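# Structural features, examined
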Amino acid sequence: MIQNNDEFPQIVGLRYLNHAAVAPWPRRAARAVSAFAEQNVGIGARDYPQWLTVERSLRQRLARLLNAPTSADVALVKNTSEALSFVAFGLDWKSGDRIVISDEEFPSNRVVWEALRPQGVEVIQVSLKGSDPEADLLAACGPRVRLMSISAVQYASGMRLDLQRLGEGCEQRGVLLCIDAIQQLGALPFDVQSNRCAFAMADGHKWMLGPEGLGVFYCRGDLRDRLTLHEYGWHMLEHAGDYDRTDWEPARSARRFECGSPNLLGTMALEASLSLLEEVGMEQVASALAERIDWLRQGLEGLNGIEMLSPAERERRSGILTFRLAGWDNAALFERLKAEQVVCALRGGGIRFSPHFYTEERVIDETLAQLRAIAGH
Ligand SMILES: Cc1ncc(COP(=O)(O)O)c(C=O)c1O
């Protein structure tokens, strides 16, 4: 397992439990960005073709992480919200069409669908609080439902859904499945083919350990033509780079969703970060993360007045653990933890912890010790 001080030399005393928000970079991402900066200073873009090989490598790494059939199914986008917007404003809606989401979605995966209201599209929000949330989501897929859009892992509770079951159920009902994968990709294995999803998207700055502003959009090959494009430019053309040509068509690959110059600065960092995840392997990453979540959970459960807001069942667990402490206002507890160098988040009516596979024992033990002191043990 990668040592914290090799790739994650975070400052002494820092307890970083906030990968579900914005992750620290591994050392190799910082090195790649520094090298890119130095190159820009020294020789500008003289070796641009070399940069494009890094971009190609990033696409291939993302395709492998998603288990996409080919990297031609993968577009590099600004963020999750942009990719969701490509789907929402790309499909051809008819008045009366319906979309199923859950009632716990991050705003990006709600607002974009509600924005279709002027076109007569209705959004159905399904509660995930029942004993069988997948059955409840599928039961909401009546005849007018054309799409289900769901987070693989809910951002506040950390609840993980059975995507394969949702994918099969959606396929049987002729419903397109769109997965906001930002809280799963890079933390747990993810597979667009076994999930049978139509679309999946994620930004790189959480579990993929990259910078903000560069994400991935997977669009199933046979659906590419069904999304009307709303952004045009030189880069999204089939014959990009042939500047003298006057006839044009959108790229046959998912590059059609990338209208202009690429974010090569972000590419350098994300490609390096993903190389680390690939070296460790997603099965290893997921099991190391599960160990850390277990450990945190056990420690928290030993405290008086703890109420866990994240599901306990193993198949529902993710990299997110959210809780409340009796007698403590969440905001006050958050501030207190912050003062103790515990970096976490205030989400879903509680405190959200999100370690990653490399999180050191020390970080978890010290955080639990702080909480024990706060809880008056
Ligand atoms: C489930 C979910 N979707 C989307 C986002 C953010 O999307 P974007 O990549 O557009 O910033 C977050 C960020 O917290 C999230 O938790």
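Residues numbered from 1 in each chain as written. Predicted model: local features only at pLDDT ≥ 70, side-chain atom pairs only at ≥ 80, totals over all residues. Heavy atoms only, no water.

### Some words on the site of the ligand
Taken together, Asn79, Thr80, Ser81, Phe106, Ser108, Ser151, Tyr155, Asp180, Ile182, Gln183, Asp203 and Lys206 are the residues near the ligand. Interatomic distance of 2.6 Å between a side-chain N/O atom of Thr80 and an oxygen atom of the ligand. Between the ligand and Asp180, the relevant distance is 2.5 Å, taken from a nitrogen atom to a side-chain nitrogen or oxygen of the residue. Taking 390 Å² as the accessible area of the ligand by itself, protein coverage stands at 89%. Partitioned by chemical class, the residues of the shell around the ligand number 3 nonpolar, 6 polar and 3 charged. (Near = heavy atom within 4 Å. Polar contact = N/O pair within 3.5 Å; in protein donor to acceptor, adjacent residues only side chain to side chain. Areas by Shrake-Rupley, 256 points an atom, 1.4 Å probe, with all protein chains shown as cover. Nonpolar A, V, L, I, M, F, W, Y, C, P; charged D, E, K, R; others polar.)

### Description of unusual backbone geometry
Glycine aside, residues mostly have negative phi, and peptide bonds are mostly found in the trans state. In this structure, Leu209 is a non-glycine residue whose phi angle is positive, near 65 degrees. By relative accessible area, Leu209 is classed as buried at 0%. The phi torsion at Gln341 lies on the positive side, around 70 degrees, for a residue other than glycine. (Buried < 20%, exposed > 50% of the residue type's maximum accessible area, 1.4 Å probe, protein only.)

### Some details on the packing of aromatic side chains
Evaluation of the coordinates by the stated rule reveals 13 aromatic pairs. Note on Tyr48 and Trp51: the rings are 5.5 Å apart at their centroids and 55 degrees apart in plane angle, and the pair reads as tilted. Here Trp51 and Tyr48 lie together in helix H3 (residues 48–66), a separation of 3 residues that amounts to about one turn. Tyr48 gets classed as partly exposed once you look at its relative accessible area, which sits at 29%. On the basis of an interplanar angle of 65 degrees and a centroid distance of 5.0 Å, the ring pair of Phe323 and Phe353 is categorised as edge-to-face. Remark: Phe353 occurs in strand S13 (residues 350–353) and Phe323 occurs in strand S10 (residues 321–325); sequence separation between them is 30 residues. Of the two residues examined, Phe323 and Phe353, each falls in the buried class. Feature note: the residues Phe86, Phe199, Phe217 and Phe257 constitute an aromatic cluster, connected by ring pairs. (Phe/Tyr/Trp six-rings, centres within 6.5 Å; stacked < 30°, edge-to-face > 60°. Helix = DSSP H or I, 4+ residues; strand = E, 2+ residues; numbered from the N terminus.)

### Brief notes about the domain arrangement of the chain
We note that the domain assignment places domain 1 (29–279) and domain 2 (281–375) within the chain. For domain 1 versus domain 2, the distance between C-alpha centres works out to 28 Å. Taken residue by residue, the interface counts 24 residues in domain 1 and 24 residues in domain 2. Here domain 1 and domain 2 share an interface that buries about 1800 Å² over both sides, 62% of which is from carbon and sulfur atoms. Where domain 1 meets domain 2, there are 1 salt bridge. Counting across the interface, domain 1 meets domain 2 through 10 residue pairs in polar contact (both at pLDDT 80 or more). At the level of secondary structure, the elements contributing two or more residues to the side of domain 1 that touches domain 2 comprise helix H6 (133–139) and helix H8 (264–280). Looking at which element gives the most residues to the side of domain 1 that touches domain 2, the answer is H8, with 4 residues. (Domains from an automatic or database assignment. Contact = heavy atoms within 4.5 Å. Buried area = accessible area lost by both parts, 1.4 Å probe. Salt bridge = Lys/Arg side-chain N within 4 Å of Asp/Glu carboxyl O.)

### Focus on helix H10 (residues 330–339)
Within H10 the residues assigned to the buried category are Asn330, Leu333, Phe334 and Leu337. End-on view of H10: buried residues confined to an arc of 105 degrees, all on one side of the axis. On the buried face of H10, the contacting elements are S10, strand S11 (342–343), strand S12 (345–347), S13 and helix H11 (361–374). Phi turns positive one or two residues past the end of H10, at Gln341, with a value near 70 degrees. (Arc of directions from axis to C-beta.)

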